[in-house]
Amino acid sequence: MKNKNSIKILLAAPMLALSLSIGLQTDALAQQKKPAGEPYSYVQHMPQFKGGEAEMMKFLGTNIQYPAIAKSNGVEGLTVVTFVVETDGKISEVKTVKPLSKETDEEAIRVVKLMSGHWSPGRQNEEVVRVRYTLPIRFALSEADRTAAASVANRMPAFKGGTEAMQQAMQAHLALPAEAKKENLNARVVVKFYVDKEGRYRTCDWKAPN
């Protein structure tokens, strides 16, 4: 019985070694099939901002300027940016993968581009390689900014310069149609539209009251 058990154990060992060998060969083949120049998503040594994560947070905090429109509209949250860290530590292919708002996304991309050249590149099997990196950037309002944004949200939209300035701007562009002038019409037209967060009008509609 002892001999039979010994034989089973001895047979199991070569089989285990064979399965490990096949696994390693499969991994090696997968690496070889990767198109030349295509960035990795994960490597043994990921790219690192020079000085570490603390320095990266400091860099972002120093350079990010909260967009005024986003601040006044009370926009806060995460913008997630992806980019490629090249073999020389520079950055390329910067884009957002989780947008927050047009203004915050543009600001996040602007600041990430400033980080170009401040990175140590990634390495795979001791070879310097291109790596795609994903970075979440949080935009957070202060309590005072939140209060100010809430106050603006509770106000009706107003034409810049007031009602008189709005009437002057309209008079400069209004022209009485020839048919109305010919028939000496005197009518009032009611126009309804929506003002979006950027101060632009949307969905204009009108009617002539009876």
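Everything below is about the structure shown above.
Because the structure is a prediction, the values reported are computed rather than measured.

K.L.:
How should the pairing of strand β3 (residues 91–98) be read in this particular structure?
P.N.:
Working note: regular strand, side chains alternate between the two faces of the sheet. Sheet topology note: the strand β2 (residues 77–85)/β3 ladder contains 5 bridges and is antiparallel. Looking at the pairing, Val84 lines up with Ser92 of β3. Hairpin connection, β2 to β3: the antiparallel pair is bridged by 5 residues, and Gly89 has positive phi, about 85 degrees.

K.L.:
How do you make sense of the side chain of Thr104 when you look at a structure like this?
P.N.:
With respect to the secondary-structure elements, Thr104 resides in helix α4 (residues 102–114). Under the relative-accessibility criterion, Thr104 is labelled buried at 0%. Of the polar contacts made by the side chain of Thr104, one reaches the side chain of Ser101; its length is 2.8 Å.

K.L.:
Could you clarify how one ought to interpret the pattern of salt bridges in this entry?
P.N.:
It is possible for side chains of opposite charge to pair when their charged atoms get near one another. Counted by the stated rule, this structure contains 8 salt bridges. For Glu76, the salt bridge goes to Arg146, with nearest N and O atoms at 2.8 Å. Of the two residues, Glu76 is situated in the loop between α3 (68–72) and β2 and Arg146 in helix α5 (residues 143–153); the sequence distance between them amounts to 70 residues. Residue class for Arg146 comes out partly exposed when judged on its relative accessible area of 33%. Notably, a salt bridge pairs Arg130 with Glu93, separated by 3.2 Å at the nearest N-O pair. Taken together, the residues span a long stretch of sequence, with Arg130 in the loop between β6 (127–129) and β7 (131–139) and Glu93 in strand β3 at a distance of 37 residues. With relative accessibility at 42%, the residue Glu93 sits in the partly exposed group.

Rules and cut-offs
Residues numbered from 1 in each chain as written. Predicted model: local features only at pLDDT ≥ 70, side-chain atom pairs only at ≥ 80, totals over all residues. Heavy atoms only, no water. Pairing = 2+ DSSP bridges. Helix = DSSP H or I, 4+ residues; strand = E, 2+ residues; numbered from the N terminus. Buried < 20%, exposed > 50% of the residue type's maximum accessible area, 1.4 Å probe, protein only. Polar contact = N/O pair within 3.5 Å; in protein donor to acceptor, adjacent residues only side chain to side chain. Salt bridge = Lys/Arg side-chain N within 4 Å of Asp/Glu carboxyl O.

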